[in-house]
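As a plain string of letters, each chain reads:
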Amino acid sequence: MKNSYKLSLIILLLILIGYPGSPVFSQGISSTELIKGAKEYDTKIITYTGEAIGDVMIRGEFAWVNINDGENALGVWVSASLAKEIEFTGSYKTRGDSLEVTGIFNRACLEHGGDLDIHAQKLRKITPGREINRGLQPDKKNLSLILFGVLFLIWILTLFRHK
Amino acid sequence: MILKPRLEDLKIIGFYLGKVILGLAFTMIIPILTGLLFGEFNPALDFLIGIETSVLLGLILLKVCHTEKDLNWMQGMIVVSLSWVVAMFLGAIPLYLSGHWKSFLDACFDAMSGFATTGLTLAQDLDHLSYTHNLWRHLIMFLGGQGIIVIVLSFFVRGFSGAFKMYVGEARDEKILPNVVHTSRFIWSVSFIYLVLGTIALGITGIFNGMKPLNSFFHGACIFMTAFDTGGFSPQSQSILYYHSITYEVITIIIMVLGALNFKLHYHLWMGNRKEIFRNIETSTLFVTIIATFSIVAVGLVQIGSYPSAVMLFRKGFYQLISGHTGTGFQTVYPQQFLADWNNLALVGLIMAMSLGGAVCSTTGAIKMLRIGIIFKAFKEDLKKIIMPERALVVEKFHHIKDVFVEDKLVRSALIITLAYIILYLLGALVGMFYGHPFLNALFESTSAAANVGLSCGITNIAMPAGLKVTYIIQMWAGRLEFMSVFTILGFLIAVIKGK
């Protein structure tokens with residue numbers, strides 16, 4: 001009785017592990033690991049974290065969001081309703097929302113012409129983005145003024161030489 | 001006996017180099033205006049420093065080396081050769097000041113990659129780069145694609161007899177119109193008209209794809225500039241993969257092919273001579289080599305089974321192939337995927353396409369179609385001579401704007417340049433292997449650099465050894481100028497050392 005209980009527990013575990021689409025790689029995986037090990041992670045559920053960058057491109061009921069983890073940016077196909085939660089995307093003037101995506105990783109997506117992408121099932125904002133305040137850098141300002149002064153001096157010298 | 005160059009030679013070279021530098025300096029006004037428009041004041045300052053340094057250097061050279069004399073052939077070639085090196089240093093200043101390049105060498109790498117329309121990049125955190133710097137990256141490709149000397153001849157020179165010597169030195173030995181200044185202006189007119197049309201097409205596509213209108217048209221203009229000039233930089237780190245759009249891919253394919261055509265052919269098409277496109281040896285050779293190299297790539301991809309459907313295989317395989325063959329370097333796969341998902345056969349097909357390039361007098365690099373066509377015709381002629389009776393007169397000709405007989409002089413010139421390119425590809429591969437990369441990967445990256453393509457299998461990255469960065473810079477420079485100006489400068493240096 002005890003042995004058959006153990007056996008059924010093992011079988012149940014094996015079924016759960018082998019079940020297609022089960023969260024085998026629930027730990028965060030970097031973009032480089034995903035690209036290099038694409039065959040291993042293909043069609044598996046993965047968790048990927050990074051900053052939303054560029055445009056959130058709404059396509060009907062879905063949207064494309066590109067998420068950069070500092071190594072590469074990967075395209076994430078997400079429902080438009082989930083995408084609406086993204087407030088900031090990374091650019092020169094903004095730090096994008098930091099997002100955690102859980103979804104199916106595709107090495108060569110059948111739906112999207114062979115693109116390497118993630119079809120998101122869950123999307124969670126870890127840290128909200130913000131605007132970046134970039135004040136004028138004094139060293140650059142000073143250098144440009146010095147160079148302007150030198151150019152002005154050369155111009156004056158040229159005028160004297162002509163006279 | 002080798003004659004040592006005189007001081008007068010140096011003065012003439014310095015004077016005309018100064019003119020080129022001043023011409024280049026004024027192009028930095030465009031990013032400064034962009035910076036002010038977008039409220040990006042630090043980036044605008046980077047370009048102000050860049051323009052000031054350039055004007056300063058240009059003025060010093062004009063004053064110190066002032067001369068009334070015109071250029072001779074050797075001096076013209078050296079001015080061209082040095083112009084590209086100086087453009088790299090000056091163009092790198094604003095890039096380096098942005099803080100997105102780890103070292104000045106990295107910024108120089110990207111500046112040379114831009115001017116030479118290669119597309120390999122060492123930029124860090126590209127997705128947070130300002131509009132100002134991004135515009136500059138794409139603009140230098142647009143300027144470099146037409147030719148730095150072409151810019152100067154078009155906008156800053158009223159015409160002097162040395163102009164043609166400089167024009168030829170920039171790997172453009174074909175005059176479209178009798179005067180080189182008019183030829184340069186024609187090249188710019190064509191490019192500007194296509195720029196407007198291409199930007200509108202890509203901008204509207206971007207909006208339909210869900211991009212914000214401003215971003216959409218900015219990306220449209222940037223992508224057009226680098227597609228038409230077969231450069232390959234893109235505003236985002238994912239290259240064309242960023243857009244997730246087949247329409248975008250189709251439009252960029254059309255623009256890349258337009259960029260790979262001879263400007264002389266564009267001229268004839270614009271003049272209504274549409275038959276020329278079907279009769280010209282360059283277009284027919286391009287068609288054949290695309291079919292041949294794509295067949296190799298397709299067989300390789302079928303063998304490895306990377307893409308489960310034929311449509312996917314075509315979309316991925318054909319895009320990278322056209323991008324490589326035209327010397328653009330846009331990617332819809334990640335660099336690491338070339339090694340993971342493509343087998344050796346597919347990679348060899350792509351390397352072959354990269355090594356061939358587009359038309360002469362276009363914006364592409366590499367061996368080019370006219371030379372391939374001439375070599376093929378020469379082989380055909382020799383084969384006929386063997387097969388036909390000894391007394392038979394075998395004459396082979398080809399059509400390139402007009403009918404031309406295949407003469408030994410033409411074949412020799414085509415073979416020398418082809419050989420020089422092959423040596424350059426192999427030398428770069430040797431250096432890559434020296435730094436521990438497998439042969440095929442090293443050959444892929446080396447061919448991409450020397451043929452001014454920009455596709456990468458992952459070797460080009462920030463951590464790459466400085467020696468390899470310098471090697472690729474030299475390859476991009478020599479490949480873009482098609483050796484003649486580079487050989488002249490080497491000869492000049494030897495004359496300085498050994499001359500009497």
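Here the residue numbering is sequential within each chain, running from 1 through the sequence in written order. Here chains are named by letter from A upward and ligands by number from 1 upward, in the order in which they appear as written. In keeping with the model being predicted, local features are shown solely for residues with a pLDDT of at least 70 and side-chain atom pairs are shown and tallied solely at 80 or more, while totals for entire chains, interfaces and linings include all residues. For the side-chain quantities, the full set of heavy atoms in the structure was used; hydrogens and water were omitted.

Considerations on the overall build of chain B
How we decide: A run of H or I in DSSP counts as a helix once it spans at least four residues, and a run of E counts as a strand once it spans at least two, with each numbered from the N terminus. Residue burial is assigned from relative accessible area. The probe radius is 1.4 Å, only protein chains are included, and a residue is buried under 20% of its type maximum, exposed over 50%, and partly exposed in between. When checking whether two residues touch, look at their non-hydrogen atoms; a contact exists if any pair is within 4.5 Å. Residue-level accessible areas treat just the shown protein chains as cover; the underlying method is Shrake-Rupley with a 1.4 Å probe. By the counting rule applied here, Lys and Arg register as positive and Asp and Glu as negative, while His and the ends of each chain are not counted. Think of each charge as sitting on NZ of Lys, CZ of Arg, CG of Asp or CD of Glu.
When you go through chain B residue by residue, the secondary structure sums to 22 helices and two strands. If you line up chain B on its principal axes, its C-alpha atoms span 65 × 65 × 50 Å. Here chain B, with 500 residues, has 64% of them falling under the buried criterion. If you take every contact in chain B between residues at least 6 apart in sequence, the share linking residues at least 24 apart comes to 74%. Carbon and sulfur atoms make up 72% of the accessible area of chain B, which totals about 19000 Å². Across chain B, 35 positive and 28 negative side-chain charges occur, with their mean positions spaced 6 Å apart.

Let's talk about the packing of helix α19 (residues 408-434) of chain B against helix α21 (residues 466-481) of chain B
Residue and element names in this part refer to chain B. For clarity, the cut-off: Axis angles are defined between N-to-C directions and span 0 to 180 degrees, where every axis is a line fitted to C-alpha atoms and, for a helix, only to the segment in contact. Just so you know how the angles are binned, under 35 degrees is roughly parallel, over 145 roughly antiparallel, 65 to 115 roughly perpendicular, and the rest oblique. Polar here means any residue outside two lists: the nonpolar Ala, Val, Leu, Ile, Met, Phe, Trp, Tyr, Cys and Pro, and the charged Asp, Glu, Lys and Arg; Gly therefore counts as polar.
Contact pair α19 / α21: the axes reach a minimum separation of 10 Å and the direction vectors enclose 170°. Considering the angle they form, α19 stands roughly antiparallel to α21. Counting all contacts with α19, which are made through Y421, L424, Y425, G428, V431 and G432, the residues of α21 involved are L468, T471, Q475, A478 and G479. When the residues that make up the contact of α19 with α21 are grouped by side-chain class, the tally is six nonpolar, five polar and no charged.

Description of the interface of chain A and chain B
Our working rule: Summed over both partners, the accessible area (1.4 Å probe) lost when two parts come together is defined as the buried area. Here, a salt bridge means any Lys or Arg side-chain nitrogen found within 4 Å of an Asp or Glu carboxyl oxygen.
In this complex, chain A contributes 49 residues to the contact, which on the side of chain B involves 47 residues. Carbon and sulfur atoms make up 55% of the area that chain A and chain B hide from each other, which totals about 4000 Å². Ranking the residues of chain A by area buried against chain B places D55(A), Y92(A) and K140(A) at the top, with a combined share of 17%. Taken together, the connections running from chain A to chain B amount to three salt bridges. Two residues, K316(B) and D115(A), come together in a salt bridge whose shortest N-O distance is 2.5 Å. At the level of elements, α2 (31-36), β2 (45-59), β3 (62-68), β4 (73-79), β5 (94-95) and α5 (138-162) of chain A are the ones that each hand at least two residues to the side of chain A that touches chain B. The element that contributes the greatest number of residues to the side of chain A that touches chain B is α5(A), accounting for 10 residues. Within the side of chain A that touches chain B, the residues separate by chemical class into 20 nonpolar, 17 polar and 12 charged.

Quick word on the environment of I140(B)
Residues and elements named next belong to chain B. Here I140 lies in helix α6 (residues 131-146). The buried category is assigned to I140, whose relative accessible area is 0%. Residues I140 and A116, 24 residues apart in the sequence, show an inter-C-alpha distance of 8.7 Å. Filtering out sequence-adjacent residues up to four positions away, I140 remains in contact with D110, A111, G114 and F115.

Thoughts on the pairing of strand β1 (residues 397-400) of chain B
Residues and elements named next belong to chain B. Defined as follows: For two strands to be treated as a pair, DSSP must find no fewer than two bridges joining them.
Bridge count between β1 and strand β2 (residues 402-405): four bridges; the pairing is antiparallel. By the bridge assignment, K397 is partnered in β2 with F405. Adjacent in sequence and paired antiparallel, β1 and β2 are bridged by one residue, among which I401 carries a positive phi angle near 70°.

Details of the side chain of H400(B)
Residue and element names in this part refer to chain B. Defined as follows: For this analysis, a polar contact is any N or O atom pair within 3.5 Å, provided that within protein one partner can donate a hydrogen and the other can accept it, and provided that sequence-adjacent residues contribute only side-chain to side-chain pairs.
Mapping H400 onto the fold places it in strand β1. Residue classification places H400 among the buried positions, given a relative accessible area of 8%. Within the structure, H400 has its side chain in polar contact with the side chain of N280 (distance 3.3 Å).

Description of the pattern of salt bridges
All names here are of chain B. Tallied over the full model, the rule gives 16 salt bridges over all chains. The shortest N-O distance in the salt bridge between K380 and E396 comes to 3.5 Å. A residue pair is termed long-range when its members are at least 10 positions apart, and K380 in helix α18 (residues 369-387) and E396 in the loop between α18 and β1 qualify at 16 residues. Residue classification places K380 among the partly exposed residues on the basis of a relative accessible area of 32%. Classification of E396 as buried rests on a relative accessible area of 4%. We note a salt bridge from K384 to E396, for which the minimum N-O separation is 3.2 Å. In this pair, K384 is assigned in helix α18 and E396 in the loop between α18 and β1, connecting sequence segments 12 residues apart. In this structure K384 comes out as partly exposed when scored by relative accessible area, which is 33%.

Here we look at the confidence of the model for chain A
Cut-off, in case you're wondering: pLDDT gives the predictor's per-residue confidence on a scale running from 0 to 100.
For chain A, per-residue confidence averages 86 on the pLDDT scale, and residues scoring 70 or more make up 82% of the total. Throughout residues 14-23 of chain A the model reports pLDDT below 50, and contacts reaching past four residues in sequence, or to other chains, amount to six contacts.

Quick notes on the packing of aromatic side chains
All names here are of chain B. Definition in use: Two rings from Phe, Tyr or Trp (for Trp, the six-membered ring) form a pair when their centres sit within 6.5 Å of each other. Planes less than 30 degrees apart are called stacked, planes more than 60 degrees apart edge-to-face, and all others tilted.
Inspection of every chain in the model, using the stated rule, returns 29 aromatic pairs over all chains. When the ring of F38 is compared with that of Y131, the centres are 4.2 Å apart and the planes differ by 20°; the resulting orientation is stacked. Of this pair, F38 sits in the loop between α2 (29-37) and α3 (41-64) while Y131 is found in helix α6, placing the two residues 93 residues apart along the sequence. Overall, the relative accessible area of 17% leaves F38 in the buried class. Geometrically, the ring pair formed by Y194 and W270 is edge-to-face, given 5.9 Å between the ring centres and 80° between the ring planes. A residue pair is termed long-range when its members are at least 10 positions apart, and Y194 in helix α9 (residues 180-208) and W270 in helix α12 (residues 263-270) qualify at 76 residues. Of the residues examined, Y194 reaches a relative accessible area of 15% and is grouped as buried. Here the aromatic residues Y194, F224, F228, F263 and W270 are joined through ring pairs into a cluster of three or more.

Re a nonpolar patch on the surface
Residue and element names in this part refer to chain B. The line we're drawing: The residues that make up patches have over 30% relative accessible area and no salt bridge, and they are joined within 9 Å when like-charged or within 5 Å when they are Val, Leu, Ile, Met, Phe, Trp or Tyr.
There is a patch of nonpolar side chains on the surface, built from L419, I422, I423, L426, L427, L430, M433 and F439 and spanning about 730 Å² of accessible area. It is α19 that provides the largest number of residues to the nonpolar patch, a total of seven residues. In this fold, I423 is placed in helix α19. Classification of I423 as partly exposed rests on a relative accessible area of 43%.

Observations regarding the nonpolar core
This is how the line gets drawn: Among buried residues, those of type Ala, Val, Leu, Ile, Met, Phe, Trp, Tyr and Cys that are joined through side-chain atoms within 4.5 Å constitute a nonpolar core.
Ranked by internal contacts, the top residues of the largest apolar core, which has 145 residues, are F338(B), W342(B) and F444(B). When residues in this core are grouped by element, the largest group, 11 residues, is from helix α4 (residues 73-97) of chain B. Discounting residues that sit within four places of it in the chain, F338(B) has contacts with Q320(B), Q331(B), V333(B), L347(B), L350(B), F444(B), L455(B), S456(B) and C457(B). In terms of nonpolar packing, the next biggest core, distinct from the first, is built from 26 residues, Y41(A), Y48(A), V76(A) and L241(B) among them.

Considering the pairing of β2(A)
Residue and element names in this part refer to chain A. Within β2, 11 of the 15 residues are buried, which leaves it mostly tucked inside the rest of the structure. Here β2 runs beside strand β6 (residues 98-106); their pairing, made up of seven bridges, is antiparallel. In the strand pairing of β6, T49 is matched with E100. Where β2 meets β3, six bridges bridge the pair, whose relative direction is antiparallel. Along β3, the bridge assignment pairs I58 with A63.

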